[in-house]
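The residues making up each chain are set out below.
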Amino acid sequence: MPDRSPVASSGGAAADTAAARPMTLAELVGWGEAFGRAATAPRVVALEGDLGAGKTTLVQAIARGYGVEEPVTSPTFALVHEYHAARSPVLHLDLYRLQGEADLLHLGWSDIIDREALVLIEWPDRAGAALPRDVTRIALAHLPGDAERRLLTVR
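Conventions and cut-offs
Residues numbered from 1 in each chain as written. Predicted model: local features only at pLDDT ≥ 70, side-chain atom pairs only at ≥ 80, totals over all residues. Heavy atoms only, no water. Axes fitted to C-alpha atoms, helices over the stretch in contact; angles between N-to-C directions. Helix = DSSP H or I, 4+ residues; strand = E, 2+ residues; numbered from the N terminus. Parallel < 35°, antiparallel > 145°, perpendicular 65-115°, else oblique. Left-handed = near helix turned anticlockwise from the far one by under 90°. Contact = heavy atoms within 4.5 Å. Nonpolar A, V, L, I, M, F, W, Y, C, P; charged D, E, K, R; others polar. Buried < 20%, exposed > 50% of the residue type's maximum accessible area, 1.4 Å probe, protein only. Pairing = 2+ DSSP bridges.

## A closer look at the packing of helix H1 (residues 25-38) against helix H2 (residues 55-66)
Taken N-terminus to C-terminus, the directions of H1 and H2 make an angle of 40°; their axes are 6 Å apart at the nearest point. Looking at the two axes, H1 sits oblique to H2. When you trace H1 past H2, the crossing you get is right-handed. Packed against H1, whose contacting residues are Leu25, Leu28, Val29, Trp31, Gly32, Glu33, Phe35, Gly36 and Arg37, the element H2 presents Thr57, Leu58, Ala61, Ile62, Arg64, Gly65 and Tyr66 at the interface. Here the residues of the contact of H1 with H2 sort into nine nonpolar, four polar and three charged.

Rendered as structure tokens:
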């Protein structure tokens, strides 16, 4: 049976060895918390998926697992929220409202990406080629005919 934990054998929270897995919301939250516990900074995580796929729920679980104790909310209008964790800051970005890569200049993108932090990015496609090469990509998708589960893919 393949290892389905969120922790790579190298010791980092790099990848899930399954290509894609259906998960209930509770399983997704548990997976996210385990991913957060295993994560080390600096790390950039790009969360992809349609509206309502569970990206913010997963961000909340990852942040909680990483050690953030305060409520994690969507930064849709602020674009960036910063949270304290004992290991490093956690930066949560929601790029949905950006038109493209050029808008990143207003966010202080290079300062965010170069920080010793866990950086969690929703709607990473808006960042285009500005995303670092070593980003961990997590995709969530609705399962047709199954409103209770999401398909999780980690690359």
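## Here's the deal with the pairing of strand S2 (residues 43-48)
Counting buried residues along S2, six of its six residues qualify, which places the element largely inside the surrounding structure. Residues Arg43, Val45 and Leu47 point to one face of S2 and Val44, Ala46 and Glu48 to the other, with burial holding for every one of them. Examined bridge by bridge, S2 and strand S5 (residues 118-122) share five bridges and lie parallel to one another. When the bridges of S5 are listed, Val44 appears paired with Val119.

## Considering the sheet that holds S2
Spatially, seven strands are ordered S1-S7-S6-S2-S5-S4-S3 in an open sheet, and the strand pairing comes out mixed. Each end of this open sheet is capped by a strand with a single partner; those strands are strand S1 (21-24) and strand S3 (80-83). For this sheet, the mean angle separating the axes of adjacent strands, direction not counted, is 25°. Sheet strands in contact with H1 are S1, S2, strand S6 (136-143) and strand S7 (146-154), and its direction is about 105° off that of S1.

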